[in-house]
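The lines below spell out each chain.
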Amino acid sequence: MNSPSFWLDSLGPIEKRPPLAGDLEADVAIAGGGYTGLWTAYYLAKADPSRRIVVLDAEYCGFGASGRNGGWASGLFPVSEARLARRFGPDAAAAMHRALGGAVDEVGRVTAAEGIDCDYAKGGTISLVRSPIQLRRAKGDPGFVDAGTARAMCHATGVLGGIYSEHCAALHPAKLVRGLASVVEGLGVTIHEGTRVEQIKTERSPRRGNGGQAGQDGQTGQIKISGGGTVHARTIVRALEGYTAGLAGHRRDIAPVYSLMIVTEPLPEEFWQRVGLARRETFTDERRLVIYGQRTADDRLAFGGRGAPYHFGSRIRPEYDLVPEVFEALRATITELFGIDPPIAHRWGGPLGIPRDWMPSVGLRDAVAWAGGYVGDGVAAANLAGRTLSDLILGIDSDLTRLPWVGHRSRRWEPEPARWLGINAGLRATALLDALDRRRAA
Ligand SMILES: Cc1cc2nc3c(=O)[nH]c(=O)nc-3n(C[C@H](O)[C@H](O)[C@H](O)COP(=O)(O)OP(=O)(O)OC[C@H]3O[C@@H](n4cnc5c(N)ncnc54)[C@H](O)[C@@H]3O)c2cc1C
């Protein structure tokens, strides 16, 4: 069987926690044991240790994108600050971006405080400018740096400049998610793995009323588990990201789109002397189809990109993680960037979640809370989401609960086949625009 990622593999065999057998009552029941679900459990348990919190994962904590990603804990957000400002005002847009930058530091702070060794290194991120067309586009960016500065960080081929941001740390994604699961367990949170949520419902129930919290009076949540069990809770948190479409009634909320990765064997010292990334800056370049890389703590290149197809009906299957043409394109891009044909140690992929308007959101309504739709920028954002959900559930009015993504609802994706046609046409058009740019630059 294909293992979900190099990162998970590197931790050795995973022993699943026992599944939920029968019914359960809780204060907060969280569907999904990735970063979103676990950070929510963490902040809730810290704020109110008496609360009964349960996390339910269909496989195991970190099985999803949280155990497979590129390990960029970044302040990136899929909606630009300018677009946020047009919609929510400049102050709200600036607050959102400040909060995301703060989340990068918060991940570092908590992992250090809780002894989660996840190879966190905050070296910032550099997007390399490698063609005159990219240079024209990049020059207006406040983070623009000249070719010498960019090359000093990441000496790739054809570098004409770069866009640098300090708001990024490289980390080992699976060490973070598995470490976080152990920490929340230590705080008294119950985790059931191998426990698939099939349906989330709300019901009006004076008996299990919310004790006057956060406008959910009289509403409680109910989770149906595959195999027959039921969980009753004052609040349910939906934290399923790319897997949301598998939940009854949510098929068109978030489209699962695959991102794929490869990792090299550890590379020799001479390579790193030449290329740099001395502070483990994460790197990409200014092409349109997303690519992303990091130097791992053990001196490998972990490198990923989009371009794998979206699958009809938002289906997710293990075989979709492996697309030989995309792996080959990633390998060729490493060669193009660094002039080496490195030994590849592992290839994998996984689904991230895209809402119709590309705007991530966090919210709580009628006893059901949710967070996600991060597109490909969920590592640090999920920490911010977890803190925000904790405040919402505890009924605390804070700077976090006033951020513009709170309560936002994207419109739903089109029914099939329009969704399949639209998303795949978008992916192809992006690749085509890059090819055109390359041809013009040649
Ligand atoms: C290859 C790849 C590279 C990426 N690179 C980056 C990056 O470098 N930086 C960045 O910021 N973001 C990146 N992302 C996105 C980032 O990983 C995600 O946004 C983030 O991990 C989402 O966390 P989550 O907890 O919301 O979802 P997930 O981690 O996907 O967790 C969802 C969990 O729900 C479980 N589940 C599914 N269905 C059910 C069900 N019915 N009942 C119960 N449990 C269920 C799954 O087993 C899974 O554990 C990448 C994603 C991928 C796939």
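Residues numbered from 1 in each chain as written. Predicted model: local features only at pLDDT ≥ 70, side-chain atom pairs only at ≥ 80, totals over all residues. Heavy atoms only, no water.

- The name given to the protein in an unreviewed UniProt entry is Glycine/D-amino acid oxidase-like deaminating enzyme, and the organism recorded there is Actinoplanes italicus.

## Considering the packing of aromatic side chains
And then number 1: Summed over all chains, the structure comprises 14 aromatic pairs.
And then number 2: Ring geometry for Trp39 and Tyr42: centres 5.8 Å apart, planes at 90°, overall edge-to-face. In this pair, Trp39 and Tyr42 are both assigned in helix α2 (residues 35–47), 3 residues apart and thus about one turn of the helix distant. In this pair, the class of Trp39 matches that of Tyr42, namely buried.
And then number 3: Plain terms: the ring middles of Trp39 and Tyr43 are 5.8 Å apart, the flat faces sit at 25° to each other, and that makes the pair stacked. In this pair, Trp39 and Tyr43 both sit in helix α2, 4 residues apart, roughly one turn of the helix.
And then number 4: The exposure class assigned to Trp39 is buried, which follows from its relative accessible area of 0%.
And then number 5: Accessibility expressed as a relative area gives 11% for Tyr43, which makes it buried.
And then number 6: Following the ring pairs from residue to residue traces out a cluster consisting of Phe271, Trp272, Phe283, Phe303 and Phe338.
And then number 7: Sitting over the face of the ring of Trp370, Arg409 holds its NZ or CZ atom 4.2 Å from the ring centroid. (Phe/Tyr/Trp six-rings, centres within 6.5 Å; stacked < 30°, edge-to-face > 60°. Helix = DSSP H or I, 4+ residues; strand = E, 2+ residues; numbered from the N terminus. Buried < 20%, exposed > 50% of the residue type's maximum accessible area, 1.4 Å probe, protein only. Lys NZ or Arg CZ within 6 Å of the ring centre and 35° of its normal.)

## Observations concerning the environment of Glu414
And then number 1: Its place among the elements puts Glu414 in the loop between α10 (381–394) and α11 (418–441).
And then number 2: According to the relative accessible area criterion, Glu414 is partly exposed, its value standing at 24%.
And then number 3: Residues Glu414 and Arg356 lie 58 residues apart in sequence; the distance between their C-alpha atoms is 8.5 Å.
And then number 4: In contact with Glu414, other than residues within four places in its own chain, are Arg252, Arg356 and Arg419.
And then number 5: Engagement of the side chain of Glu414 in a polar contact is seen with the side chain of Arg356, the distance being 3.0 Å. (Contact = heavy atoms within 4.5 Å. Polar contact = N/O pair within 3.5 Å; in protein donor to acceptor, adjacent residues only side chain to side chain.)

## Quick word on the side chain of Asp57
And then number 1: Looking at the element boundaries, Asp57 is found in the loop between β2 (53–56) and β3 (72–74).
And then number 2: Notably, Asp57 is buried but unbridged: the nearest opposite-charge side chain belongs to Arg196, and the N-O separation is 7.5 Å.
And then number 3: Separated by 2.8 Å, the side chain of Asp57 and the backbone nitrogen of Glu59 make a polar contact.
And then number 4: Among all residues touching Asp57, those that are not within four sequence positions of it are Gly32, Gly33, Gly34, His192, Glu193, Gly194 and Thr195. (Lys, Arg positive; Asp, Glu negative; His and termini not counted. Salt bridge = Lys/Arg side-chain N within 4 Å of Asp/Glu carboxyl O.)

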